[in-house]
Amino acid sequence: PERIPVRWRIAATCAGLTCLILVVFAGVLGNLVGDRVRDDFDDELRGGARALASEYQVGMDPISGPVVSGPNPRDSAMGESVIRVVDEFGRPLASTDRTIDLGPPAAGVTDMGRFSVATEPIPDSGSLPSFVQYAKPDADVEATIGRLWVFLGAGVLGGTILALLAGL
């Protein structure tokens with residue numbers, strides 16, 4: 001270390017401290033913004049499920065069983081989203097795609113495979129408790145958060161290099 005010029009040692013120390021400060025700042029900021037992006041996605045999902053639940057009614061026909069009245073789920077679904085009207089045990093009464101399993105109804109937003117699922121009770125379901133499950137893939141959200149971390153990492157690296165150059 002004695003062979004390294006003082007100017008380089010001072011520049012490396014400044015760059016190291018700057019890097020440490022930027023890493024802490026990027027870590028805090030990345031976690032806060034990432035959580036906010038996920039929360040906004042979950043809020044949007046819950047709002048969609050709530051709006052859909054208000055459009056459906058489920059009644060019981062003694063001959064044919066449960067009867068769902070409301071818009072066709074395929075007409076309401078956008079993109080890769082999945083809409084299911086299910087009973088309290090998770091059996092689909094109406095669905096955009098019966099092959100996709102969104103699990104039994106659960107409060108809040110849950111993850112099922114590549115989908116985030118919001119479940120809301122149908123208020124006019126009579127004696128048969130029924131729910132709307134609204135699911136969207138969360139890959140776009142995770143990709144956005146991944147880009148955020150790349151951007152923050154590039155900022156840390158760039159700031160460290162600038163601190164080293166300024167120290168010289």
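Structure shown above.
Residues numbered from 1 in each chain as written. Predicted model: local features only at pLDDT ≥ 70, side-chain atom pairs only at ≥ 80, totals over all residues. Heavy atoms only, no water.

**Q** Honestly, the nonpolar core in this entry has me stumped. Any pointers?
**A** Nonpolar side chains tend to gather and get buried jointly when the protein is soluble and globular. Ranked by size, the top nonpolar core spans 17 residues in total, and within it Leu52, Tyr56, Ile83, Val85, Ile122, Val132 and Tyr134 carry the most contacts. Elements represented by at least two residues in this core include exactly α1 (6-53), β3 (82-87), β7 (130-137) and α3 (139-167). Considering each element in turn, this core owes the most residues, 5 residues, to α1. The contact partners of valine 132, leaving out residues within four places of it in the chain, are Ala49, Leu52, Ala53, Tyr56, Ile83, Arg84, Val85, Ala118, Thr119, Glu120 and Ile122. Judged by nonpolar contacts, the second largest core, of 6 residues, contains Val82, Leu102, Phe115 and Ala135. (Core = buried A, V, L, I, M, F, W, Y, C linked by side-chain atoms within 4.5 Å. Buried < 20%, exposed > 50% of the residue type's maximum accessible area, 1.4 Å probe, protein only. Helix = DSSP H or I, 4+ residues; strand = E, 2+ residues; numbered from the N terminus. Contact = heavy atoms within 4.5 Å.)

**Q** Sorry if this is basic, but what is going on with the sheet that holds strand β5 (residues 109-112) here?
**A** In a beta sheet, neighbouring strands pair by backbone hydrogen bonds and run either parallel or antiparallel. Spatially, the 5 strands line up as an open sheet ordered β4-β3-β7-β6-β5, and their pairing is antiparallel. The open sheet is flanked by β4 (92-95) and β5, the only strands paired with a single partner. On average, each strand axis in the sheet is inclined to that of its neighbour by 25 degrees, with strand direction left out of account. As paired strands, β5 and strand β6 (residues 115-121) are joined by 4 bridges and run antiparallel to one another. (Pairing = 2+ DSSP bridges. Axes fitted to C-alpha atoms, helices over the stretch in contact; angles between N-to-C directions.)

**Q** How should I be thinking about the packing of α1 against α3 in this particular structure?
**A** Between two packed helices, what matters for the description is the angle formed by their axes and the separation of those axes. Relative to each other, α1 and α3 sit at 165 degrees, their axes nearing to 8 Å. One element, α1, and the other, α3, form an angle in the roughly antiparallel class. Considering the relative orientation of α1 and α3, their crossing is right-handed. The residue makeup of the contact of α1 with α3, split by class, is 20 nonpolar, 9 polar and 3 charged. (Parallel < 35°, antiparallel > 145°, perpendicular 65-115°, else oblique. Left-handed = near helix turned anticlockwise from the far one by under 90°. Nonpolar A, V, L, I, M, F, W, Y, C, P; charged D, E, K, R; others polar.)

**Q** Looking at this model, I keep getting lost on the side chain of threonine 96. Mind explaining?
**A** With respect to the helices, strands and loops of the structure, threonine 96 is situated in the loop between β4 and β5. Not counting the four nearest positions on each side in its chain, threonine 96 is found in contact with Pro73, Arg74, Ala77, Ser81, Val82 and Ile83.

**Q** In this structure, what is going on with the pairing of β4? I would like to understand it.
**A** Walk down a regular strand and you will see the side chains alternate between the two sheet faces. Here β3 runs beside β4; their pairing, made up of 3 bridges, is antiparallel. Looking at β4, one finds that valine 86 is bridged to proline 92. Linking β3 to β4, which pair antiparallel, is a turn of 4 residues; within it glycine 90 sits at a positive phi near 90 degrees.

**Q** In this structure, what is going on with the environment of leucine 102? I would like to understand it.
**A** By the secondary structure assignment, leucine 102 is in the loop between β4 and β5. Owing to a relative accessible area of 1%, leucine 102 belongs among the buried residues under this scheme. A sequence separation of 36 residues divides leucine 102 from proline 66, and the C-alpha atoms of the two residues are 20 Å apart. The contacts of leucine 102, once residues within four sequence positions are left out, are Val82, Arg84, Met112, Phe115, Val117, Gln133 and Ala135.

Just distances and angles here, no functional claims.
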